[in-house]
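# What the coordinates show
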Amino acid sequence: MGREILRMENISKSFPGVKALDDVSLKAYEGEVMALLGENGAGKSTLMKILSGVYTKDSGRILLNGEEINVLNPRDAAEKGIAIIHQKLNLIPNLTVYENIFLGREKVNSYKVLKKDCMIDESKKLLERLRVDIDPTLRVNEISIAKQQMVEIARALSLNASVIVMDEPTDTLTDKEVDSLFDVIRELKTENKAIVYISHRLKEVFEVCDRATVLRDGKLIDERMISDLDEDEIIKLMVGRTLDEQFPYLMTQVSENVLEVINLTNKYVKNISFSLKKGEVLGISGLVGAGRSELGKTIFGLYPIDEGEIFLEGKKVEFKSPKEAIENGIMYVSEDRKSEGLVLSMDVKSNITLSSLDKFKRAIGLDKKKEERVTQEYREKIKIKTPSLTQKVKNLSGGNQQKVAIAKSLLTEPKVLILDEPTRGIDVGAKREIYDLLNAIKKEGHCVIMISSEMPEILGMSDRIIVMHEGVIKGELTREEATSEKIMNYIIKGEEN
Amino acid sequence: MKTKLGKAKPLLGLILIIVVVSIISPNFLSKGNLLTVLRQTSINAIIAAGMTFVILTAGIDLSVGSILGFSGAICAYLLTNGTNVFISFLAAILVGALFGLFNGVVITKGKVQPFIATLATMILLRGATMVFTNGKPIAVKGESATKILRYIARGDILGIPVAVIMMVIIFAICYHILHNTKYGRHIYAVGGNEQAALLSGVNTDRVKMLAYMISGILASIAGIIVLARLSSAQPTAGDGYELDAIAAVVLGGTSLAGGQGAILGTIVGALIIGILNNALNLLDVQSYYQMIVRAIVILIAVLLDRKDKNK
Ligand SMILES: Nc1ncnc2c1ncn2[C@@H]1O[C@H](COP(=O)(O)OP(=O)(O)OP(=O)(O)O)[C@@H](O)[C@H]1O
Ligand SMILES: [Mg+2]
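Model, not experiment: these values are computed from the prediction.

### Looking at the overall build of chain B
Counting secondary structure elements, chain B contains 13 helices and four strands. Its C-alpha radius of gyration of 19 Å places chain B within 12% of the 19 Å reference for a compact globule of 311 residues. Scored against the burial criterion, the 311 residues of chain B give a buried share of 50%. In chain B, the share of contacts with a sequence separation of at least 24, taken over all contacts with a separation of at least 6, comes to 78%. For chain B, the accessible surface area stands at approximately 14,200 Å², while carbon and sulfur atoms represent 69% of it. Charge centroids of chain B, computed over 24 positive and 11 negative side chains, lie 5 Å from each other.

Here it is as structure tokens:
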């Protein structure tokens, strides 16, 4: 058993209207991975932001190697040997990969001139260690979100810290990248680093973590050895009750076509043809960069179509903007809630109603009472945890932000709902609630296109599955036929071609 | 609670400045002087109201001063040639709307940065005004025209100057638009996160174009008031007004980054600037020193605001 390196003791923190942390303690041990678990809004990220000096604690102590420390700001934390990979990407988009990795710690020669080659070389080594193929001289906004996440991890590694915190690092990664991240974590363990690992994916927790600290509603529930726990027990600690079946798949009578896409071709996708029936959930699987999001956005009217046709309920449609798509009953929920999904500076209520303000129009102005009532309904229905509807969305926890984005899409009452990574960052209980929502949509005779990198979710909730690779459909499977091997096979075949 | 206080911050600044000024110069609180302050503030406040829309979308409008000058000149020309008063006013407002729209189109369809696009319009219209007026003032003649202009400049309703009433009505309408309508929400959404707004079905180009149009319209209304006050169109009318308008918006707590702020802050900001100018005059401060004092006050006010936001 490893020596205790980090100890956070009796930490409390309040925000206006919320007690985010109430007397919470956390330890991290040398050569071990400590999982930090809890529902959305339990206070995990807040605790880690206190550790990294983003927030100041109201009370409590932080001990590093037995000595009390006072973390002033993230830079100070890094100097003390604490590295954090934050839940939301913190890279500067128009700088290059290596510039981001060395941001604030640029290497210079004796004339204060940047030693670019040296930084590029070191970046290359770091990225190779993570087994990702990224040219460090590319600008961050030119690479995929998954790769951006890997750059963020590389930056944390480059600090050579003794405590490394990872706040949902695998959120935007696909299985392959997750595997290489886990290899790195195992390496770090042999180097006697202490790691704190936050994730809503319990499978990962069992794979790499040694212990778990569980929070609920800002309070410490327990610290346990992973080897003494099973999935149900963890869920029970997190949620306070047991959950039944993880994927509540609902068989529905699928009937006529709602959406038909024929030979769709543009800059991002080639020759895409598929149909979508009433009451159906169509899963789209593939690696990051397979063109799945681009396909969704093309149908949503964001990107122009070069060739091919889209039929909605038998009528040919051609949307010039998302506005037209929404008016005709197609809605898309982005995988990137921070930069595309939400207006973080606006409150919860205004975000939820942003796409459906026509519903609240009166002779003059908006019916704010009705708006309040309707958004309150959604807040309860999908359990958005927020002190009030006028809270700014940027102050919500990651998972609750995702729920706001989903509430916004549901309020438009779409016939076709395109969900891009719908459960990213969402806790086990809330996932279940979102799957129940899928079923409700099916029952109403509407349909869903679910783009997801989570294989179990794709297999568990889809009626039919399409596998994409590099902008092309590589195969289609019915629910009965589909297995993760078959899906991977289609992808690998795509890789070989 | 804290956010409420944060919103009231510009207001506290205003109260502070009123207290200080009335102590230094007791004349300040006389009814006559207060009405003068309001009357003088109205022009900047009306321009700043339009500027608030533009800044909330994360844009900027440098052309308002020139739009004011040009539409004033057009209006004066029409009036002098015996055109119906209301048609002349309408024409001036149309000119403002048109060039606002022009700004909007260049910015959204041409993808030119607002700073550059409106800078070009600013120079263009100043030049056009010079050409149109031949560099000389156009004095308004004709009985009905001078009568109505005098009414706008010096008339009052129940003791309140007409220009001030116009200002209040305009702010009431702007408040309604920004806080109670779909368009108002869209303004905040576009300024807060344009891509997210687009994906939420907001016609972001249209929202921005309208904002610049509103700014142009309000600048030309201010142009009519300026014309009324001088009873002639000066070729340099409105020169530099864009800066006072921007200062009023920022003093009112609206973020230049867009998406955050409120129109009520803008009127407070405009009042702070108006009172400051008035006080400096009452105290007989030389105009060159006035500039320095104004700059310092604006800087301090904005710095205080920033400090609060960083916490
Ligand atoms: N800056 C802030 N202002 C106000 N409230 C905040 C702020 N940051 C966090 N909160 C609140 O504190 C609580 C804990 O949030 P936190 O982000 O730590 O949750 P989390 O456990 O990381 O959740 P998730 O799994 O969804 O990421 C939430 O209720 C959140 O709304
Ligand atoms: Mg979090």
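### Quick word on empty space enclosed by the protein
Evaluation of the coordinates by the stated rule reveals five cavities of 30 Å³ or more. Within this model, the largest cavity holds a volume of roughly 60 Å³. Mapped onto the lining of the largest cavity, the elements with two or more residues apiece are strand 16 (330–333), helix 11 (337–341) and helix 14 (398–411) of chain A together with helix 9 (194–199) of chain B. The dominant element in the lining of the largest cavity, judged by the number of residues it contributes, is strand 16 of chain A, at three residues.

### What to know about the packing of helix 5 (residues 145–158) of chain A against helix 6 (residues 175–190) of chain A
Residues and elements named next belong to chain A. Taken N-terminus to C-terminus, the directions of helix 5 and helix 6 make an angle of 10°; their axes are 12 Å apart at the nearest point. By the angle class used here, helix 5 and helix 6 are roughly parallel. Note on element contacts: helix 6 touches helix 5 through E177, S180, L181, V184 and L188, opposite A146, M150, I153 and L157. Its residues assigned to classes, the contact of helix 5 with helix 6 shows seven nonpolar, one polar and one charged.

### Looking at the interface of chain B and chain A
Contacts between chain B and chain A engage 21 residues on the former and 30 residues on the latter. Approximately 2,000 Å² of surface area, both sides summed, lies buried where chain B meets chain A, with 59% of it carried by carbon and sulfur atoms. Contact with chain A buries area across many residues of chain B, yet K182(B), R185(B) and L199(B) alone supply 35% of it, more than any other trio. The tally of links between chain B and chain A comes to two salt bridges. Of all the secondary structure elements, the ones that give two or more residues to the side of chain B that touches chain A are helix 7 (162–180), helix 8 (182–192) and helix 9 of chain B.

Basis of the calculations
- Residues numbered from 1 in each chain as written.
- Chains lettered and ligands numbered in written order.
- Predicted model: local features only at pLDDT ≥ 70, side-chain atom pairs only at ≥ 80, totals over all residues.
- Heavy atoms only, no water.
- Helix = DSSP H or I, 4+ residues; strand = E, 2+ residues; numbered from the N terminus.
- Rg over C-alpha atoms; globule rule 2.2 N^0.38 Å.
- Buried < 20%, exposed > 50% of the residue type's maximum accessible area, 1.4 Å probe, protein only.
- Contact = heavy atoms within 4.5 Å.
- Areas by Shrake-Rupley, 256 points an atom, 1.4 Å probe, with all protein chains shown as cover.
- Lys, Arg positive; Asp, Glu negative; His and termini not counted.
- Charge placed at Lys NZ, Arg CZ, Asp CG, Glu CD.
- 1 Å grid on protein atoms, 1.4 Å probe; cavity = no way out; pocket = protein on both sides within 12 Å on 5 of 7 lines; lining within 4 Å.
- Points joined across faces, edges and corners; volume = space filled by probe spheres on them.
- Axes fitted to C-alpha atoms, helices over the stretch in contact; angles between N-to-C directions.
- Parallel < 35°, antiparallel > 145°, perpendicular 65-115°, else oblique.
- Nonpolar A, V, L, I, M, F, W, Y, C, P; charged D, E, K, R; others polar.
- Buried area = accessible area lost by both parts, 1.4 Å probe.
- Salt bridge = Lys/Arg side-chain N within 4 Å of Asp/Glu carboxyl O.

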